[in-house]
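# Close look at the chain arrangement
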Amino acid sequence: MINKVVGNADEAIDGIKDNMTLMLGGFGLCGIPENSIGALVKLGVTGLTCISNNAGVDDFGLGLLLQGRQIKKMVSSYVGENDEFERQMLSGELEVDLIPQGSLAERCRAGGAGIPAFFTPAGYGTEVAEGKEVREFNGKPHILESALTADFAIVKAWKGDTSGNLIYKGTARNFNPPMAMAGKITIAEVEELVEPGELDPNFIHTPGIFVQRIFQGEKYEKRIEQRTVRTRS
Amino acid sequence: MLDKNGIAKRIAQELRDGWYVNLGIGIPTLVANYIPEGISVEFQSENGLLGMGPFPYEGEEDADMINAGKQTVTTLPGASIFDSSTSFTMIRGQHVQLTVLGAMEVADNGDIANWKIPGKMVKGMGGAMDLVASAENIIVAMMHANKAGESKLLTECTLPITGVQCVKKVVTNLAVLDITSEGFRLLERAPGVSVEEIKNATAGRLIVGGEIPEMHL
């Protein structure tokens, strides 16, 4: 059993330098590595390429790194909900690569799975297909998409053990498992860090082999982006 | 003429027992409120949830339980949760029987545009390109005209497209239309709407054959 525990977010992100490529799990503000993002803000690294489905909101999530002009390029599928992002994109300060959500997820998975590229029908005939190889399978055109990897992948889980096994909660799982597999170094922050043996091996979502560093986050705000409720009748 | 709820109600009539269905943001979300009696369907949310339930009661919102529109939701008994690549395995692998989504423009060959207005709005395509490229059955839910009063049913999309020749059916506030190789085929009129009004509101090729019935809602 290998111990991967680091003391806190600052220790976890040790080695992240200017101009590196990072993957960050989460969908909207759900399942994002809040503590690590906070540490990156403090560290002040710049020129980052961030692969993440979304770009946070103005004052939370990746929006915090955008505010500090720490991101050079975003690779995402949907970037609404963020005025500063839109401003930086339209002014040309920020490079943006928009990718269909399923292709983004699969490109991360492929990166971790040792599959350099794959064909998908998503985006055929659109701007996304520009410059990409097209091939027909079963009479249907597909485009070639390449795998994504990152210098560091940063994911957030509900529970994790000291050897890096992870369990996610609810839809906070989203991009975290495929990204956890695609980092040269994968950092996992968890709400609850437990000893080996406390998590049932049958219910591990991300096996510890994919995780190099793990820590329990100091606190989780877990902000809700769209609070929708029904009233009791 | 239908309102947004009317459009959703008409689309709900297309649901079949045992289907897995992905509903997009906006009018499509409302379809879940009108599932016909005696029909069981499960809603897929592409952020990684199958068996999506209604919004939670006040005070029971969970930041870790959202839909693809980032709204707080609940799960129904029998629900399952999975990661994003598994979610799009379901979509790309054609395990989802019906996709309902909104559009800014639909062309009479089935092309759809709903992700970008150059120079104005660039929010991204999210899962829309994956959905339209793979779904076998795609219904578009939208108003017949845009806010400027211009037809959204065209001979060719003017905005950057999301997918080619993929839309099968369009339900608007005025009509239900199929996409055929000869263009839009008018199937039903909204209550109180004449064929003439639909013709005038449709810029793309429109086939009108015989008596066109009014929708039953």
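Within each chain, residue numbers correspond to sequence positions counted from 1 in written order. Chain letters start at A and ligand numbers start at 1, both assigned in the order the entries are written. For this predicted model, a pLDDT threshold of at least 70 governs which residues receive local features, and a threshold of 80 or more governs which side-chain atom pairs are given and counted, while totals over whole chains, interfaces and linings are taken from all residues. Each side-chain value is derived from all of the structure's non-hydrogen atoms; neither hydrogens nor water enter the calculation.

On to the interface of chain B and chain A. A contact between two residues is defined here by any heavy atoms of the two lying within 4.5 Å. Contact residues are listed per partner, giving 48 residues for chain B and 50 residues for chain A. Between chain B and chain A, roughly 4,200 Å² of surface is buried when both sides are summed, and carbon and sulfur atoms account for 57% of that area. The term buried area means the drop in 1.4 Å probe accessible area that two parts suffer when joined, counted for both and summed. The largest contributions to the chain B side of the interface with chain A come from Tyr57, Asp64 and Lys70 of chain B, which together make up 18% of the buried area. Each salt bridge in this description consists of a side-chain nitrogen of Lys or Arg and a carboxyl oxygen of Asp or Glu lying within 4 Å of one another. Inspection of the region where chain B meets chain A yields six salt bridges. Here Glu127 of chain A ties to Lys116 of chain B by a salt bridge, and the two come within 2.8 Å at their closest N and O atoms. Here a polar contact means two N or O atoms within 3.5 Å. Within protein one must be a hydrogen donor candidate and the other an acceptor candidate, and residues neighboring in sequence count only if both atoms are side-chain atoms. Joining chain B to chain A, the criterion identifies 28 residue pairs in polar contact (both at pLDDT 80 or more). Helix numbering and strand numbering both begin at the N terminus, where a helix is a DSSP run of H or I of at least 4 residues and a strand a DSSP run of E of at least 2. For the side of chain B that touches chain A, the secondary structure elements donating two or more residues are helix 3 (84-92) and helix 4 (128-134) of chain B. Put simply, Ala, Val, Leu, Ile, Met, Phe, Trp, Tyr, Cys and Pro go in the nonpolar bin, Asp, Glu, Lys and Arg in the charged bin, and everything else, Gly too, in the polar bin. A per-class count over the side of chain B that touches chain A returns 20 nonpolar, 15 polar and 13 charged.

Moving on, we get to the packing of helix 5 (residues 101-113) of chain A against helix 3 of chain B. The axes used here are C-alpha line fits, helices contributing only the stretch in contact, and every angle between their N-to-C directions lies in the interval 0 to 180 degrees. The geometry of helix 5 of chain A relative to helix 3 of chain B is characterised by a closest axis approach of 8 Å and an angle of 125° between their N-to-C directions. Classified by the angle their axes make, helix 5 of chain A and helix 3 of chain B are oblique. Remark: the crossing between helix 5 of chain A and helix 3 of chain B carries left-handed chirality. Listed contacts from helix 3 of chain B to Gln101, Gly102, Ser103, Ala105, Glu106 and Arg109 of chain A of helix 5 of chain A are Ser84, Ser85, Phe88 and Arg92 of chain B. Each residue belonging to the contact of helix 5 of chain A with helix 3 of chain B can be placed in one class, and the counts come to two nonpolar, five polar and three charged. In what follows, roughly perpendicular refers to angles from 65 to 115 degrees, roughly parallel to angles under 35, roughly antiparallel to angles over 145, and oblique to any angle outside these ranges. Crossings are sorted by hand: turned counterclockwise from the far helix by less than a right angle, the near helix makes the crossing left-handed, and turned clockwise it makes it right-handed.

Turning to the pattern of salt bridges, a few remarks are in order. One side chain can pair with another of opposite charge once the charged atoms of both are near each other. Counting across every chain of the model gives 26 salt bridges over all chains. Among the salt bridges present, the one from Asp62 of chain B reaches Lys169 of chain A, with a minimum N-O distance of 3.4 Å. Taken together, the residues Asp62 of chain B in the loop between strand 3 (49-52) and strand 4 (75-81) and Lys169 of chain A in the loop between strand 9 (166-167) and helix 6 (176-180) connect one chain to another. Overall, Asp62 of chain B belongs to the partly exposed group, its relative accessible area being 27%. Close ionic contact of Asp108 of chain B with Arg205 of chain B constitutes a salt bridge, the shortest N to O distance being 3.0 Å. With Asp108 of chain B in the loop between strand 6 (105-107) and strand 7 (112-113) and Arg205 of chain B in the loop between helix 5 (195-201) and strand 15 (206-207), the pair connects residues that are 97 residues apart, well separated along the chain. A simple rule labels every residue: compare its accessible area, found with a 1.4 Å probe on the protein chains alone, to the largest value its type can have, and call it buried under 20%, exposed over 50%, or partly exposed in between. For Arg205 of chain B, a relative accessible area of 40% gives the class partly exposed.

Two strands in a sheet stick together by hydrogen bonds in their backbones, pointing the same way (parallel) or opposite ways (antiparallel). Residues and elements named next belong to chain A. For two strands to count as paired, DSSP must find a minimum of two bridges between them. The three strands lie next to each other as 5-7-6, forming an open sheet whose pairing is antiparallel. Across the chains shown, the open sheet's two edge strands, defined by having one partner strand only, are strand 5 (117-120) and strand 6 (134-137). Pairs of neighbouring strands in the sheet enclose a mean axial angle of 40°, with direction left out of account. Relative to strand 7 (residues 140-146), strand 6 is paired through four bridges, and the arrangement is antiparallel. Paired with Phe137 across the two strands is Lys140, which belongs to strand 7. With respect to the sheet, helix 5 is in contact with strand 5 and strand 7, its orientation differing from that of strand 5 by roughly 155°.

Take the side chain of Glu84 of chain A next. Residue and element names in this part refer to chain A. Within the fold, Glu84 resides in helix 4 (residues 83-90). Judged by relative accessible area, which is 13%, Glu84 ranks as buried. Setting aside residues no more than four positions away along its own chain, Glu84 makes contact with Asp58, Leu66, Gln67 and Arg69.

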